[in-house]
Amino acid sequence: MIEEPLLSVRDLRVTFPPRRGRPAVRAVEGVSFDLRRGETLGLVGESGSGKTTTGRAVLQLQRPSAGSVRLLGRELTDMASGDLRAMRRHMQFVLQNPYTSLHPRMTVGQILSEPLAVHRAVPPNRRAERVAELLSLVHLDPKVVDRYPHEFSGGQRQRIVIARALAVNPDLVVCDEPVSALDVRTQAQIVQLLSELQDKLGLSYLFIAHDLAIVRSLAHRLAVMFGGRIVELGDADRIYETPVHPYTQSLLDAVPIPDPALQRARLARVAPEPHIPRHEADLSPCCFGEDHRATGRPRWHEVGPGHHVSCHFWPTAQAGADGANAGQG
Amino acid sequence: MSDAGPLLQVRDLTAAFGRAGAAAPVVKGISFDVAPGEAVGFVGESGCGKSVTARAILRLAPEGASVTLGGRVAYRGRDLLQLPAREMEQVRGRRIAMVFQDPMASLNPVMTVGQQIDDMLRHHQNLSRRAARRRTVDLLGLVGIRDPASRADDYPHQFSGGMRQRVMIAMAVSCEPDLLIADEPTTALDVTVQAQILRLLLRLRHELGMALMLITHDFGVIAGMVEQVFVMHRGEIVERGAVDAIFRDPQHPYTRALLAAIPRIETARRSS
């Protein structure tokens, strides 16, 4: 029997209504993926790709306009707010900025007790014990309970944020750029901690980031977003080694490599990134030779075991693809 | 070999926040040279003093801070720290220019981009209104902005982050400086835009023959851009050397720790 995924997202859409004369923004346009227990799905893309909105819509912090989000087999999108509140103990989040995500006037003990009280996760007389346990879990000295956030470094604050997320024993943690505000060495420590906690507690992470190198060190599977859609989805190793969608290729080519000779060669490469149109004409047949209007199948192609690519947003000149996009950018 | 000597010679530079006497040192007596046309990189973590060093060269303090400087910053033999304010004005922006991480904070939101570059050119180069605009359009084209004549009439918010950084670079190179200081110029940008801006800086460096001082926390950014690297830690330069040597054979434990912590895109997760 195939185990049911922890999280299952189908055709998720988020449209922000028109405002002050500006047209409606379709931030997420039909996103589907599964997340298994104990697995990390890296969700990467550039600013405006819809990755953060996708994360918020999964958590129902942003109500989706259409589509389905099932967590532990339960549909979240049409859930009454009371039930949803109860579901929140299964899904927590860690955000980018550890300086603004902790209340400055609350002690560490108060910060970590709050979710325990809200979700009645442990009886009041056991809260102190649980707080101490959480602090050791993220490798902080339990003696710091009476200190305030400003007394900690950025990395330590992010540990507190992680401890708060774990207070209620969640199954899913959505991490949105959790290390991008930190120094390199601190980033490595937090990534190490997240990976260790996953092994220990069987957590599933939806790990949203723009830094493909960080994602590489954590993700089992990868989803690449562009223009509100997932353009490539599959096993992380496979995609990093043999990316298929031209957008994924251009993202990977742009990552700076800490090796002078390689990096000089990368920067010297004449051909610029392929121009990937944001709005694609509905070409038939598509770049994989399929006429989707005739077949009626989604514009989604399996290129390897569990490795899928969208034929949306393909550079236009696939016919003679080699060198067609060379020239000055 | 050229006998012109270094373009910039920094000796025992100190910087401390606050007034003399009760000041907290952030740069603790560093020395380095930049040769004409050379590209150097300063790498370190936040708070190591790399940005304060960059600003000290132009006698600029980080926003809202008062900084006491000491030592010597010789530009073509003249100590900038001793220069009268009026003469310093002639150096700043003309001979040594700077671009920062956040281009929006450096642009005036209620003036078009063209007006801002025009004003600067007229101030520094006494150009007529019409000549200034011609040069503005040339500059915007030089930094890779398409249709520069009409984009000059747009306001900063009408540009993307990467395009705004191009505008800042256009302003910085408008007087063809000898030295361009770029402080985390790509940190806020997406990875593909970052690559474009780095390519632009490389191209301008060669076309204009200017020296480049690149400040960043990211060894990947430094790697393909500079000849010399200075690693800063707690206000001091703990290691210096040719870029290939530093990456291949770092000597200082701090440099080794920094290099070891870099996530590698070619390395997958270890467990399972």
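Residues numbered from 1 in each chain as written. Chains lettered and ligands numbered in written order. Predicted model: local features only at pLDDT ≥ 70, side-chain atom pairs only at ≥ 80, totals over all residues. Heavy atoms only, no water.

Enquirer: How would you explain the packing of aromatic side chains if you had to name every residue and give the values?
Expert: Applying the stated criterion across every chain, the model contains seven aromatic pairs over all chains. Relative to Trp314(A), the ring of Phe288(A) lies with its centre 5.5 Å away and its plane at 70°, an arrangement referred to as edge-to-face. Taken together, the residues Phe288(A) in the loop between α10 (260–268) and α11 (292–295) and Trp314(A) in the segment after β12 (307–310) connect sequence positions 26 residues apart. The exposure class of Phe288(A) is partly exposed, given its relative accessible area of 34%. Looking at Trp314(A), the relative accessible area reads 12%, which means it is buried. Both rings, one in Phe32(B) and one in Phe230(B), keep their centres 5.5 Å apart while their planes meet at 50°; by these two values the pair is tilted. Placement of Phe32(B) in strand β2 (residues 24–34) and of Phe230(B) in strand β9 (residues 228–233) is noted, with a sequence separation of 198 residues between them. When sorted by exposure, Phe32(B) lands in the same class as Phe230(B), which is buried. An aromatic cluster of at least three residues, connected via ring pairs, comprises Phe226(A), Tyr247(A) and Phe313(A). When the ring centre of Phe159(B) is taken as origin, the NZ or CZ atom of Arg151(B), which lies over that ring, is 4.1 Å away. (Phe/Tyr/Trp six-rings, centres within 6.5 Å; stacked < 30°, edge-to-face > 60°. Helix = DSSP H or I, 4+ residues; strand = E, 2+ residues; numbered from the N terminus. Buried < 20%, exposed > 50% of the residue type's maximum accessible area, 1.4 Å probe, protein only. Lys NZ or Arg CZ within 6 Å of the ring centre and 35° of its normal.)

Enquirer: Please set out the sheet that holds strand β2 (residues 25–35) of chain A residue by residue, giving values where relevant.
Expert: All names here are of chain A. Pairing is antiparallel across the open sheet formed by four strands, whose spatial order is β2-β1-β4-β5. Edge positions in the sheet fall to β2 and β5 (74–75), since each has one partner strand and no second. Judged from the five bridges that link them, strand β1 (residues 7–16) and strand β4 (residues 66–71) form a sheet pairing that is antiparallel. Its bridge partner lying in β4, Arg13 is registered against Ala66. (Pairing = 2+ DSSP bridges.)

Enquirer: So, the sheet that holds strand β5 (residues 78–79) of chain B: which residues are in play, and what are the values?
Expert: Residue and element names in this part refer to chain B. The strand order across the open sheet built from four strands is β2-β1-β4-β5, with neighbouring strands paired in antiparallel fashion. Of all the strands in the sheet, the pair left with one neighbour each is β2 and β5. Sitting on the sheet, helix α1 (residues 50–57) touches β1 (8–17), β2 and β4 (67–75), and the angle it makes with β2 is about 65°. (Contact = heavy atoms within 4.5 Å. Axes fitted to C-alpha atoms, helices over the stretch in contact; angles between N-to-C directions.)

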